[in-house]
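Now for the letters of each chain:
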Amino acid sequence: MDSSIYRSEYYVEKRTATFADNLVAFGVAYVLNGIADGRARITIEDCGPYFAVICDPPLCEEWVTDCQFFTGAFLLITVDRKSQQKLIKGTQIAVATVAAMPGIAPDYEQAKSDNETYWAWRRSVGDQWQHLSPPVEPHPDWELFRAINPAALQAANSAAAEWFQGQVAFPELLKTVLIYTSTFPNKEEEAAKHWAAVCKRKHSKQLSASQLINPTQGKGTTNSKAIFAKPGNLSNFWLAEYLKWVGLRWAGFTRLIKDSKDRKIYVLAPNRLDWEHHLGIREQFRRLMIGTGGAIQLDILAALRYAKAVLSYAQVSRNQSLLAQVFGTHKGVNRLVYGLDSAYYKNLGQSAAVMNIARIGVPSWIQPQAQNDIPRYQAVIDEHLRIVRNLDEKRGEEYELLRSYRDFLSTNELATLLAFTDAYSGFVIQRDKLAPQFTVHSLEVIMSSIAPTLSEITKSRGFRNLAYAIRMATVEAHRRNLKRNQDKYDVSYEVRYGLGQELLRKSAYPNEFIVALSEFIHDYNAENARMRERLERQGNSQPRGARSDVSIQDIDELLALMDKYRDPQMIASLLVAYGYASTYQRDETFTPERDTDEASDQDTGSAEELEEE
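Note that the coordinates shown come from a computational prediction; the quantities given were computed from them, not determined experimentally.

Q: Help me get a handle on the environment of Ala192, residues and values and all.
A: The topology assignment puts Ala192 in helix H9 (residues 188-199). Using a relative accessible area of 14% as the deciding quantity, one classes Ala192 as buried. The spatial distance from the C-alpha of Ala192 to the C-alpha of His203 is 7.7 Å, given a sequence separation of 11 residues. Those residues within four positions of Ala192 in sequence are excluded, and the remaining contacts are Ser204 and Phe237.

In structure tokens form, the structure reads like this:
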């Protein structure tokens, strides 16, 4: 038996089709990395029905035998509401036992106080916080503490305590993990018997399957037949539960939904992810993923910021193996992870119910070919983040816009991108302000990745000149009106508020689209002519802000493209997307929204007052 458990590949079968499987895989990777202790490279690979956790070179028996104790899940210290004494609830472990072991048993109340102090300081110093040193840093796992306490506190502590107590026979405990994962399907029964024998028990310990890490389990049962069952928690092998808690700490991310007590948990869905790279990217991601948002908005922010974290890590580390693995491929960041698996937990007062399980994709159009390309893609992501954060999903139109953008992130297809830009074009122009825009440069970066064959259209001089005319008659005309008191321009033009929507409506019928476009060109050129005539009478032959006409050649080039591609709706969508995009690197009229104060999203009541599972 022993000879077969020391190998190069270990397996985690997918039993639930949720992020619970991902958590086990990350937990196993953490354990193997702890055993290897820098002597081997650990990689997680999705192999369809299972995850493979690869150790290169293969694991050695001596590494297990000589391994010093480590743990990847924490024991959370809280205060008993009756005795007001600190304790590790759900265990028999005394706080004094772990007091001298840094990182194993964080203090919930201290972490809460540090978080409140940090955000109070942030509010007091305003925008200067980036240039000052805070009085205290919030605990990096604070949001995880909030998620665990109180509903999952006993489940999390019980699993961590079982591992902690196994330190007296640590090599045998590590062998239990290796037995469990050395074959596919996993040898759960054999691993359970091995550990029970070590502990001199009749049966191996079972633990409650907390819904926090088992979104399809928790209280109640699901069976193919109607049978009686107690409405209590389901149970699983304790080791599997422990590995999930480890995975949640090292590959999970959680936030409360803005203005509610509902929660979302995200877990990476690995494709082929090197553990060393993962830890570096994770640190970048944690720095970027601050604040909160609506449920859909959080999905988008998490996906975009994870992609940006990959770029930031590659830029800072200049890691050649990461460059070779990700850059220069058509999958981009998807070579590392497919996306983030998520679960939405609806707060019901004393408990929470899982309302939705989904996966949000990461943008595969981020495909830098070299280090010098990284800043360009980071700027594109920042632009998308400004647009997304400006939308409020409590408003019907903006809710649908966010849904449309999330569809684009998950599919990375041209059709879903154009569906968003079509809808967003009507939102860009608002009577009292100009919403943040895409830039033409940003659209070119995306188009070159997801639809390179359409570059003939978007780089055509006629297409560009018509997009320019649409821009000057809509967003640019509106922007100038907002700035008319600054005496920057000698001329102002009529704002065609519904132009983009009109062209899109007519595009379903080629002839009607040509008529609508021709009418716009006629009115546009006629307004230019009237303005030039008026200015010439005033003696102003070179006015600031005058715009160019659409030429016959421009129209001919667009008609030729329509004849070639025979898809007027696609061309109309591209025209509107480019027409409502900005040629500036950043919109002058838009002030970015500040990061949401996390302290404002704290639970208003005492966590300990809620009933535990």
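Q: How would you explain the pattern of salt bridges if you had to name every residue and give the values?
A: Taken as a whole, this structure holds 34 salt bridges when the rule is applied. Of the charged contacts in the structure, one is a salt bridge between Glu189 and Lys193, with a shortest N-O distance of 3.4 Å. Placement of both Glu189 and Lys193 in helix H9 is noted, with a separation of 4 residues, approximately one turn of the helix. Residue class for Glu189 comes out exposed when judged on its relative accessible area of 57%. Each of the salt bridges in this network shares a partner with another, and the network as a whole consists of Glu13, Arg15 and Glu188.

Q: With reference to specific residues and values, describe the packing of helix H11 (residues 275-288) against helix H12 (residues 295-317).
A: Relative orientation of the contacting elements H11 and H12 amounts to 120°, with a least axis distance of 8 Å. One finds that H11 runs oblique with respect to H12. Here H11 and H12 pass one another in a crossing that is right-handed. Between H11 and H12, the contacting residues are Glu276, His277, Gly280, Ile281, Gln284, Phe285 and Leu288 on the first element and Ala302, Arg305, Tyr306, Lys308, Ala309, Val310, Ser312, Tyr313 and Val316 on the second. Looking at the contact of H11 with H12 residue by residue, the classes come out as 9 nonpolar, 4 polar and 3 charged.

Q: How would you explain the nonpolar core if you had to name every residue and give the values?
A: Counting 182 residues, the largest nonpolar core has Leu75, Trp163 and Trp245 as the members making the most contacts within it. When residues of this core are assigned to their parent elements, the largest contribution, 15 residues, is made by H12. What Trp245 contacts, discounting residues up to four positions off in sequence, is Ala73, Ile148, Ala152, Ala155, Ala156, Ala159, Ser210, Leu212 and Ile213.

Q: How would you sum up unusual backbone geometry? Please name residues and give values.
A: With an omega of 10°, the peptide bond between Asn149 and Pro150 qualifies as cis. The residue after Phe184, namely Pro185, is reached through a cis peptide bond having omega 0°. Mapped onto the secondary structure, Pro185 falls in the loop between helix H8 (170-181) and H9. Phi at Gln84 takes a positive value of approximately 60°, unusual for a residue other than glycine. Along the polypeptide, Gln84 turns up in the loop between strand S4 (78-79) and strand S5 (86-87). Classification of Gln84 as exposed rests on a relative accessible area of 53%. At Arg566, a residue that is not glycine, the phi angle is positive and equals roughly 50°. Structurally, Arg566 is set in the loop between helix H23 (552-565) and helix H24 (568-579).

Q: Explain the environment of Asp46 residue by residue, including any values.
A: Within the secondary structure layout, Asp46 lies in strand S2 (residues 41-46). The buried category is assigned to Asp46, whose relative accessible area is 17%. Distance from Asp46 to Ala269, taken between C-alpha atoms, is 8.6 Å for residues 223 residues apart in sequence. For Asp46, the contacting residues outside a window of four places in its chain are Lys14, Phe51, Pro270, Asn271 and Tyr338. Within the structure, the side chain of Asp46 is placed 2.9 Å from the backbone nitrogen of Gly48, a separation counted as a polar contact.

Q: Tell me about H12, and name the residues and values.
A: A rise of 1.5 Å per residue sets the reference length of H12, with its 23 residues, at 33 Å; its end C-alpha atoms lie 33 Å apart and thus fit the reference within 8%. Of the residues flanking the end of H12, it is Arg318, one or two places downstream, whose phi is positive at about 50°.

Reading the values: rules and limits
- Residues numbered from 1 in each chain as written.
- Predicted model: local features only at pLDDT ≥ 70, side-chain atom pairs only at ≥ 80, totals over all residues.
- Heavy atoms only, no water.
- Helix = DSSP H or I, 4+ residues; strand = E, 2+ residues; numbered from the N terminus.
- Buried < 20%, exposed > 50% of the residue type's maximum accessible area, 1.4 Å probe, protein only.
- Contact = heavy atoms within 4.5 Å.
- Salt bridge = Lys/Arg side-chain N within 4 Å of Asp/Glu carboxyl O.
- Axes fitted to C-alpha atoms, helices over the stretch in contact; angles between N-to-C directions.
- Parallel < 35°, antiparallel > 145°, perpendicular 65-115°, else oblique.
- Left-handed = near helix turned anticlockwise from the far one by under 90°.
- Nonpolar A, V, L, I, M, F, W, Y, C, P; charged D, E, K, R; others polar.
- Core = buried A, V, L, I, M, F, W, Y, C linked by side-chain atoms within 4.5 Å.
- Polar contact = N/O pair within 3.5 Å; in protein donor to acceptor, adjacent residues only side chain to side chain.
- Expected span 1.5 Å × (residues − 1).

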